[in-house]
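Here is how the chains run, residue by residue.
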Amino acid sequence: MDAFYASVEQRDDPDLRGRPVVVAWRGARSVVCAASYEARTFGVRSAMPAVRAERLCPDAVFVPPDFSRYKAVSRQIREIFARHTDLIEPLSLDEAYLDVTKPKQDFGSATAIAIVIRDAIREETRLTASAGIAPNKFLAKIASDWNKPDGQFVLKPHQIDAFLMPLVVGRLPGVGKVMEAKLAKLGIATCNDLRDTGGDALEQSFGRWGRRLHELSLGIDEREVQPERPTLQVSAEDTFEHDLLLEDLQPHIFRLATKAWAGYLRERQQHQDRIARTVVLKLKTGDFRTLTRSLTGPEPPTSEAILARTASELRERVNLPENTRYRLVGVGLSGFAEPDGSAAQDDLFR
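Presented here is an overview of the structure given in this document. The shown structure was predicted, so the numbers you read here are calculated from the model rather than taken from an experiment.

Topic: the pattern of salt bridges
The full count for this structure, using the stated rule, is 21 salt bridges. Of the charged contacts in the structure, one is a salt bridge between Glu215 and Arg212, with a shortest N-O distance of 3.7 Å. One end of the pair, Glu215, and the other, Arg212, are both in helix 11 (residues 208-217), three residues apart, so they sit about a helical turn from each other. In this structure, Lys282 engages Glu237 in a salt bridge whose closest nitrogen and oxygen atoms are separated by 3.2 Å. With a gap of 45 residues between them, Lys282 in strand 9 (residues 276-285) and Glu237 in strand 8 (residues 233-245) connect regions that are remote in the sequence. A network of salt bridges, in which partner residues are shared, links Glu9, Arg11, Asp12, Asp66 and Arg69.

Here is the structure:
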């Protein structure tokens, strides 16, 4: 979807149309949830501190997010997807992968299906969407951003090499500014540079992630569209208005444990045979350093009180100076046991 949250706000409030809209709570610790395209021309982006967005665009209209409304529209959009395929892998409220190898309706090509879906979204929700059509998920993701807003881009197998070779590494999923800088030190700026460097050398420098980068530079992505991905974590976190000392975090940890446990109970209602075994505490310092501490005990946590107490005790494993202040805390459950008894592990708060 194109600037989804902001577009919903502009659709529902005619006074916001054509104006720079920033979906965010006001405040020193708030971050931007979404920015309309009018606001983006000033450099406003999602996840940016709200105070910076206000400096970049003083005339921006700040609108507090209404996630219940966004979720309702998201469900409406997924109903449109389901007319064409059952192989739908949601990534967020405004983004999903669709496998249309065997579509429910024959429109002749994936390109034609994308057009039909985007037309239906426009007609039924009065919002616009952009699509990427490609042989795999990685390429489709990049292609979906190529002709935004309200466009689509097709990448056919014979076009992959010509498309990827000049592509800057910052376009690859998972390559942020830090990773981009590390690659630049090795003289790597494009996918062609990744190819020339080779998988062995990249793996030596960056481990398995280096090997993965080499595969992406070649357009290789074997991941299938997964309609029902198992939950890997349930969590809740909060950013404080003022930085706090570690010793002052307990009431906030207990409050977030209540939220996380409620989410876990909802997950258990749907999948009673999957049990979380690991308690995780996440902290972010005042200088934006993020750290996590986790504990997998002999028995899984069985109550909100145990979760809260365990998360609070994990503070003892934070070996930073006592005067360190923290801007964010999070509490979560992970290490879900699969139906066969094996554990599914992943990074919490990704």
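Having put the structure on the table, let's press on.
Some thoughts on the state of the cysteines
Under the definition given, this model contains zero disulfides. Here Cys57 stays free of any disulfide, with the sulfur of Cys33 as its closest cysteine sulfur at 16 Å.

Some words on the packing of helix 4 (residues 67-82) against helix 5 (residues 110-125)
Close contact between helix 4 and helix 5 brings their axes to 10 Å; oriented N to C, the two are set at 145°. Of the two elements, helix 4 crosses helix 5, and the hand of that crossing is right-handed. Of helix 5, the residues touching helix 4 (which contributes Gln76, Ile77, Ile80 and Phe81) are Ile117, Ala120, Ile121, Glu124 and Thr125.

Concerning the pairing of strand 4 (residues 88-92)
In regular strands, side chains alternate between the two faces of the sheet. Bridge count for strand 4 against strand 5 (residues 95-98) is four bridges, and the pairing is antiparallel. When the sheet's bridge partners are listed, Ile88 is paired in strand 5 with Leu98. Hairpin connection, strand 4 to strand 5: the antiparallel pair is bridged by two residues.

Details of unusual backbone geometry
Here Lys148 and Pro149 are connected by a cis peptide whose omega angle stands at -5°. Summarising the element assignment, Pro149 is placed in the loop between helix 6 (137-144) and strand 7 (152-154). You will see that Ala3, though not glycine, has its phi angle at about 45°, which is positive. Turning to its location among the elements, Ala3 is positioned in the segment before helix 1 (4-12). Of the residues examined, Ala3 reaches a relative accessible area of 5% and is grouped as buried. Here Asp150, not a glycine, exhibits a phi torsion of approximately 55°, which is positive. With a relative accessible area of 35%, Asp150 lands in the partly exposed category.

Concerning the packing of aromatic side chains
Evaluated as defined, the whole model comprises ten aromatic pairs. Connected via pairs of aromatic rings, a cluster forms that spans Phe4, Tyr5, Phe67 and Tyr70. Taking the ring centre of Tyr37 as reference, the NZ or CZ of Arg40 above it sits at 4.5 Å.

Reading guide: rules and limits
- Residues numbered from 1 in each chain as written.
- Predicted model: local features only at pLDDT ≥ 70, side-chain atom pairs only at ≥ 80, totals over all residues.
- Heavy atoms only, no water.
- Salt bridge = Lys/Arg side-chain N within 4 Å of Asp/Glu carboxyl O.
- Helix = DSSP H or I, 4+ residues; strand = E, 2+ residues; numbered from the N terminus.
- Disulfide = S-S within 2.5 Å.
- Axes fitted to C-alpha atoms, helices over the stretch in contact; angles between N-to-C directions.
- Left-handed = near helix turned anticlockwise from the far one by under 90°.
- Contact = heavy atoms within 4.5 Å.
- Pairing = 2+ DSSP bridges.
- Buried < 20%, exposed > 50% of the residue type's maximum accessible area, 1.4 Å probe, protein only.
- Phe/Tyr/Trp six-rings, centres within 6.5 Å; stacked < 30°, edge-to-face > 60°.
- Lys NZ or Arg CZ within 6 Å of the ring centre and 35° of its normal.

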